[in-house]
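Structural overview
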Amino acid sequence: MSKVRIQIAMSLDGFVAGPDQSLEAPLGKGGMRLHEWAFALAAFRSMHGMEGGVVTESTPIVETALQGFGATIMGRNMFGGGRGPWDTKNPWDGWWGPNPPYHNPVFVLTHHAREAVPMEGGTTFHFVTDGLPAAFEQARRVAGALDIAIAGGASTVRQALAADVVDQLTIHLVPILLGRGERIFDGGLDDLHGLTLARTVAAPNVTHLILARK
């Protein structure tokens, strides 16, 4: 049976994005620092069509995190383009250029309807206006036996955790402090939503915490 998997980078003080997110700074002030550990990896560079890079203890974590998906779910803010109705004169097709790294159907949660946007490499963005349950229904239908990825952002991850549908959560814990921003654990309760720590992998500039449902 397919599983629902999430991977997300987090600061030591629990933030997965910095404050004041915008089109110019989609991860907020300082938020890009959460991902600097990955930028030099050969696995990351290859995913984005670049050559070179290094191999570290993070490599198998990143490679596994990119494999076996038949569908992806993300929020409007992660897809980008600003809030409110879509700009039909200058359509926004995501941050990733003509060949996004997903290579499967992506279901974007939004309050504003839009026709599907096919891209290169097998990625098609579908826009879902009736919430996470509807997006899951569509994702499960197209994913078949393959897994479903929850790509973000924080609100979408919180919704998936609260719905108890997440089978694996990989937190890339980065030794920085952001002070303010977005959290995925924001209720003040000792609640991992049925997930327990299964494995820890230490790597340069990051520690990977793999939590799984029993």
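Our structure is the block above this text.
Residues numbered from 1 in each chain as written. Predicted model: local features only at pLDDT ≥ 70, side-chain atom pairs only at ≥ 80, totals over all residues. Heavy atoms only, no water.

Okay, the overall build of the protein chain next. Regarding its fold elements, the protein chain presents 6 helices and 11 strands. Taken over the C-alpha trace, the protein chain has a radius of gyration of 17 Å; the compact-globule value for 214 residues is 17 Å, and the two agree within 12%. Expressed as a percentage of its 214 residues, the buried residues of the protein chain come to 41%. Of the roughly 11200 Å² of accessible surface on the protein chain, 53% is carried by carbon and sulfur atoms. Considering the protein chain, the positive charge centre built from 17 side chains and the negative charge centre built from 20 side chains are found 2 Å apart. (Helix = DSSP H or I, 4+ residues; strand = E, 2+ residues; numbered from the N terminus. Rg over C-alpha atoms; globule rule 2.2 N^0.38 Å. Buried < 20%, exposed > 50% of the residue type's maximum accessible area, 1.4 Å probe, protein only. Areas by Shrake-Rupley, 256 points an atom, 1.4 Å probe, with all protein chains shown as cover. Lys, Arg positive; Asp, Glu negative; His and termini not counted. Charge placed at Lys NZ, Arg CZ, Asp CG, Glu CD.)

The next subject is the sheet that holds strand S11 (residues 206-213). With mixed pairing, the 9 strands of this open sheet are ordered in space as S5-S6-S4-S3-S7-S1-S8-S11-S10. At either margin of the open sheet sits one strand with a lone partner, and together these are strand S5 (117-118) and strand S10 (195-203). Two elements, strand S1 (residues 4-11) and strand S7 (residues 147-152), share 3 bridges in a ladder whose sense is parallel. Residue pairing in the sheet places Arg 5 in a bridge with Ala 149 of S7. Against the sheet, helix H6 (residues 154-162) touches S1, strand S3 (69-75), strand S4 (105-109), S7, strand S8 (168-174) and S10, its axis set at about 135 degrees to S7. (Pairing = 2+ DSSP bridges. Contact = heavy atoms within 4.5 Å. Axes fitted to C-alpha atoms, helices over the stretch in contact; angles between N-to-C directions.)

With that out of the way, let us pick up the pairing of S11. Note: S8 against S11, 6 bridges, orientation antiparallel. Paired with Ile 171 across the two strands is Leu 209, which belongs to S11. The hairpin turn running from S10 into S11, its antiparallel successor, is 2 residues long, and Asn 205 in that turn takes a positive phi close to 70 degrees.

With respect to the secondary-structure elements, Ala 202 resides in strand S10. Aside from chain neighbours lying at most four places away, what touches Ala 202 is Glu 57 and Thr 207.

What follows deals with unusual backbone geometry. The omega torsion of the bond from Gly 152 to Gly 153 falls at -5 degrees, within 30 degrees of zero and hence cis. Here Gly 153 lies in the loop between S7 and H6. Located in the positive-phi region is Asp 20, a residue other than glycine, with phi close to 60 degrees. Relative to the elements of secondary structure, Asp 20 occurs in the loop between strand S2 (15-17) and helix H1 (36-39). A relative accessible area of 45% means that Asp 20 is categorised as partly exposed. At Asn 205, a position not held by glycine, the phi torsion is positive, near 70 degrees. As for its placement among the helices and strands, Asn 205 is situated in the loop between S10 and S11.

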